[in-house]
Amino acid sequence: MDYILKTYNLTKKYKDITAVENVNMTIKKGDIYGFIGKNGAGKTTLIRMITGLINPTSGNVEIFGHPVSRGNKAFLERIGTIIEFPGSYQNLTARENLEMHRRLMRVSDKKRIDEVLELVNLQHVSNKKVKGFSLGMKQRLGIARALLHKPEFLILDEPTNGLDPVGIKEIRQLIIDLAKTHGITILVSSHILSEIHQMVTRIGIINNGHLLEEVGYEAIKERNRHFIEAKVSNDKKAAYLLENHFAIENYSIIEPGIIRIYESLENSPAINKIFVKNGIDVAEIKISKDTLEDYFLKLTGGENNA
Amino acid sequence: MLSILYSEIVKLKRSLVFIVIPLAAIITAILSGFNAKDWHNALINNAVFWSILMGPAIASLFTGYVFANEYLDKTINNLLAYPYAAYKFFIGKMLAIFILITTSITMSFIFTIIFGLLTNIPGLNIEMVIKYIQFYVILIIMEFAFVPIAAFLTILSKNYILSTGFGVATSLIGGVLASFKLGHLFPSTAATMTLYSIAGKLGFSEHSLQISVPSISSLVFYFVIPLIVSLAYFRKMDVHSGS
């Protein structure tokens with residue numbers, strides 16, 4: 001399998017604070033990798049280490065099969081980045097910012113600037129100073145800059161920051177298009193899971209500097225599945241009835257008195273009827289969706305940021 | 001390297017430095033040309049204004065601006081994520097600052113001549129102008145000695161307040177220290193005394209001040225040591241945007 005990025009026990013410590021600890025991350029070619037974590041979880045620190053902006057305390061990074069070091073920056077020719085902020089020179093116009101980038105990245109095709117401006121829908125303001133841009137426009141300019149040299153691997157750190165819902169949707173669609181049409185592998189970080197989970201093919205969840213889990217698209221779908229949730233007076237008896245009356249095996253008792261059934265969703269009235277008929281009080285029965293958001297909150301133990 | 005230098009110059013577009021340069025040049029030209037008895041008086045006064053007063057402050061301000069802008073515009077992450085060694089950007093920035101200092105002092109030299117011609121100072125000839133160009137080239141090189149310390153302070157603090165403060169303090173202290181025993185080792189005083197010595201050697205002034213090796217050595221020290229330290233720090237530092 002072709003890996004674009006691999007990290008090995010990547011750790012960053014600042015005096016007594018461990019920002020990132022023993023992270024083993026893998027990004028395969030073609031992935032849209034959603035990197036999720038609360039603010040301060042260690043996402044940007046990890047991205048800085050990946051791009052060689054900060055030195056790891058220990059561990060290694062491998063990009064395109066080659067180890068990353070500050071002495072060897074050739075790999076950056078194949079990468080496009082937005083790291084923490086979509087930094088642009090405020091006194092310059094959007095076009096001037098991109099022209100500078102074009103020269104530094106040795107892109108000979110001058111038309112490429114118009115192409116990326118059009119891609120992010122900034123062609124009408126290309127000759128305006130960035131100083132007057134909204135945060136959303138600056139984000140889009142940052143993406144244009146990251147794409148200008150046709151990178152194979154795109155690292156977007158919180159690209160939806162400051163965008164309105166329409167802007168978020170546009171960026172999401174743009175990321176999907178870039179992966180599908182141009183075959184770009186993308187690492188996109190966010191602290192808002194709902195903004196990115198619809199577009200990613202894999203997810204890495206980081207909390208307090210630890211990479212808690214990396215899951216693929218199928219697992220993501222699995223965690224977004226629908227189920228019947230019933231609040232019952234006797235969960236053991238309810239389980240017995242599910243197995244014997246309906247041959248349902250895919251269920252779980254998530255806490256005493258609450259049972260989740262992941263199959264035969266269409267049978268919820270019949271299930272309810274059988275429960276009642278067998279003397280089980282049903283306080284509530286409904287069809288719900290297990291969101292990734294719930295899973296994330298459970299995993300990270302917090303409800304403030306996701 | 002040319003792309004890097006180009007980018008550093010483009011970044012200055014529409015910036016404050018293009019107001020500061022002519023303003024500083026006009027102020028020093030008027031102050032030095034006002035009541036000047038002859039061309040030597042006007043042009044040496046102008047150079048001394050630069051070496052002791054305007055130069056340290058302006059060089060530090062330019063240095064602070066060029067380096068701190070990357071933090072203020074939050075572009076430092078982008079800059080150091082280019083496939084170039086960090087030292088190349090450092091050198092590119094130093095070259096841009098050198099161009100700014102050169103432009104300021106050259107403009108000041110030209111304005112002094114224009115002001116002198118307007119106030120009818122007699123005796124200007126082409127031979128004199130050529131000699132003074134050489135004299136001003138030395139001035140430019142000496143002013144550049146203030147840049148590495150200012151660069152280090154800016155990289156460290158991620159803004160230009162500290163470096164500008166350093167420049168202003170150097171200007172103020174330099175004048176006071178001139179009369180002290182070891183004053184000639186202070187960078188702005190060392191530059192001024194060296195200028196007077198060169199002016200004497202070139203026959204511009206009646207001063208017979210010997211060129212002071214300790215003064216020149218101190219200027220070299222002020223340039224080289226902070227340059228090495230700043231360069232090493234710029235290469236090794238963890239890059240944060242300053243937020």
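Predicted, not measured: the structure shown is a model, and the values here were computed from it.

Enquirer: Honestly, the interface of chain B and chain A in this entry has me stumped. Any pointers?
Expert: A common measure of how large an interface is: the accessible area buried when the components associate. Across the contact, 33 residues belong to chain B and 31 residues belong to chain A. Carbon and sulfur atoms make up 52% of the surface buried where chain B meets chain A, a total of about 2900 Å² over both sides. Ranking the residues of chain B by area buried against chain A places Arg 14, Tyr 82 and Pro 83 of chain B at the top, with a combined share of 21%. On inspection of chain B and its partner chain A, the count reaches two salt bridges. The closest approach of N and O atoms between Glu 96 of chain A and Lys 13 of chain B, which form a salt bridge, is 2.7 Å. Going through the elements one at a time, helix H1 (2-10), helix H3 (39-72), helix H4 (76-79), helix H5 (86-118) and helix H10 (213-236) of chain B are the ones with two or more residues in the side of chain B that touches chain A. Residue contributions to the side of chain B that touches chain A peak at five residues, all from H1 of chain B. Along the lines of polarity and charge, the residues of the side of chain B that touches chain A split into 15 nonpolar, nine polar and nine charged.

Enquirer: Honestly, the confidence of the model for chain B in this entry has me stumped. Any pointers?
Expert: If pLDDT is low for a region, its predicted coordinates should not be looked at in detail. Residues and elements named next belong to chain B. Per-residue pLDDT for chain B averages 85, and the proportion of residues at 70 or more is 96%. Mean pLDDT values over the elements of chain B span from 77, in helix H9 (residues 187-201), up to 92, in H5. Here the predicted complex carries an ipTM of 0.83, next to a pTM of 0.81.

Enquirer: Please clarify how the sheet that holds strand S12 (residues 226-232) of chain A should be interpreted in this entry.
Expert: The pairing of strands in a sheet happens through backbone hydrogen bonds and is either parallel or antiparallel. Residues and elements named next belong to chain A. Overall, antiparallel pairing links the four strands, which are arranged S13-S14-S12-S15 in an open sheet. Each edge of the sheet is formed by a strand with only one pairing partner; in this case those strands are strand S13 (251-255) and strand S15 (282-289). Adjacent strand axes in the sheet meet at a mean angle of 25 degrees when their direction is disregarded. One ladder, built from four bridges, connects S13 with strand S14 (residues 258-261); its direction is antiparallel. Paired with Ser 252 across the bridge in S14 is Arg 260. In this fold helix H8 (residues 235-246) packs onto S12, S13 and S14, with an angle of close to 170 degrees to the strand it touches most, S13.

What counts, and at which threshold
Residues numbered from 1 in each chain as written. Chains lettered and ligands numbered in written order. Predicted model: local features only at pLDDT ≥ 70, side-chain atom pairs only at ≥ 80, totals over all residues. Heavy atoms only, no water. Contact = heavy atoms within 4.5 Å. Buried area = accessible area lost by both parts, 1.4 Å probe. Salt bridge = Lys/Arg side-chain N within 4 Å of Asp/Glu carboxyl O. Helix = DSSP H or I, 4+ residues; strand = E, 2+ residues; numbered from the N terminus. Nonpolar A, V, L, I, M, F, W, Y, C, P; charged D, E, K, R; others polar. pLDDT = per-residue confidence, 0-100. Pairing = 2+ DSSP bridges. Axes fitted to C-alpha atoms, helices over the stretch in contact; angles between N-to-C directions.

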